[in-house]
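The residues making up each chain are set out below.
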Amino acid sequence: MKCGKCRVNMRERPEERMGLKITVQECPRCGKSLISMDDAIRLQQRALSRIEDVRTVVSVGNSIGITLPAALKKILKKGDKVHLIWDMDAMEAKLAKA
Ligand SMILES: [Zn+2]
């Protein structure tokens with residue numbers, strides 16, 4: 001494959017992103033890099049399949065709350081019921097859409 005801007009052959013190199021092995025085409029002249037559409041789709045699926053973040057506990061009246069990442073707005077909306085399971089031994093929370 002040739003760089004669309006420089007018209008020189010791009011170099012292929014393996015790379016690991018988000019735990020996936022992908023192939024990157026890189027122009028030795030301008031540094032432009034490309035990945036295949038298949039690899040882009042695999043990376044997008046990986047990104048959407050797991051959300052992990054550190055959140056801050058806030059006060060909500062007499063209760064406490066944790067805001068959820070904006071990406072979850074595709075799944076949950078204000079007023080939806082959520083089932084919370086708190087495992088005291090593991091100190092872990094699990095949420096499920098009720
Ligand atoms: Zn180039």
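Residues numbered from 1 in each chain as written. Predicted model: local features only at pLDDT ≥ 70, side-chain atom pairs only at ≥ 80, totals over all residues. Heavy atoms only, no water.

1. Quick notes on the nonpolar core
Using the following cut-off: Take the buried residues of types Ala, Val, Leu, Ile, Met, Phe, Trp, Tyr and Cys, join any two whose side-chain atoms come within 4.5 Å, and each joined set is a nonpolar core. Partly exposed describes any residue whose relative accessible area lies between the buried limit of under 20% and the exposed limit of over 50%, with all areas from a 1.4 Å probe on protein chains only and scaled to the type maximum. For this analysis, residues touch if any pair of their heavy atoms sits within 4.5 Å.
Grouped together as the largest cluster of nonpolar side chains are five residues: C3, C6, V8, M10 and C27. Discounting residues that sit within four places of it in the chain, M10 has contacts with M1, K2, C3, Q25, E26, C27, P28, K32 and L34.

2. Here we look at the pairing of strand β6 (residues 82-87)
To keep things clear, this is the line we draw: By this definition, two strands are paired if DSSP reports at least two bridges between them. Strands are runs of DSSP state E lasting at least two residues, helices are runs of H or I lasting at least four, and both sets are numbered from the N terminus onward.
Where β6 meets strand β7 (residues 92-97), six bridges bridge the pair, whose relative direction is antiparallel. Within the sheet, the bridge partner assigned to W86 lies in β7 and is A93. In this antiparallel pair of consecutive strands, β6 and β7, the connection spans four residues, and M91 shows a positive phi of 55°.

3. Topic: the domain arrangement of the protein
The line we're drawing: Marked domain ranges trace back to an automatic or database domain assignment.
Along its sequence, the protein is carved into domain 1 (11-49) and domain 2 (57-97). In this structure, domain 1 and domain 2 have C-alpha centres spaced 34 Å apart.

4. Things to note about the sheet that holds strand β1 (residues 11-17)
We count it as follows: Angles run from 0 to 180 degrees between N-to-C directions of axes, and those axes are lines fitted to C-alpha atoms, restricted for helices to the stretch in contact.
Spatial strand order, β1-β2-β3: three strands in an open sheet with antiparallel pairing. The open sheet terminates on both sides in strands that have one partner only, identified here as β1 and β3 (33-35). Across the sheet, the mean angle separating the axes of adjacent strands is 40° when strand polarity is ignored. Looking at chain direction, β1 and strand β2 (residues 20-26) are connected through seven bridges and run antiparallel. Bridged to E16 within β2 is K21. Along the sheet, helix α1 (residues 37-49) makes contact with β1, β2 and β3, crossing β2 at roughly 140°.

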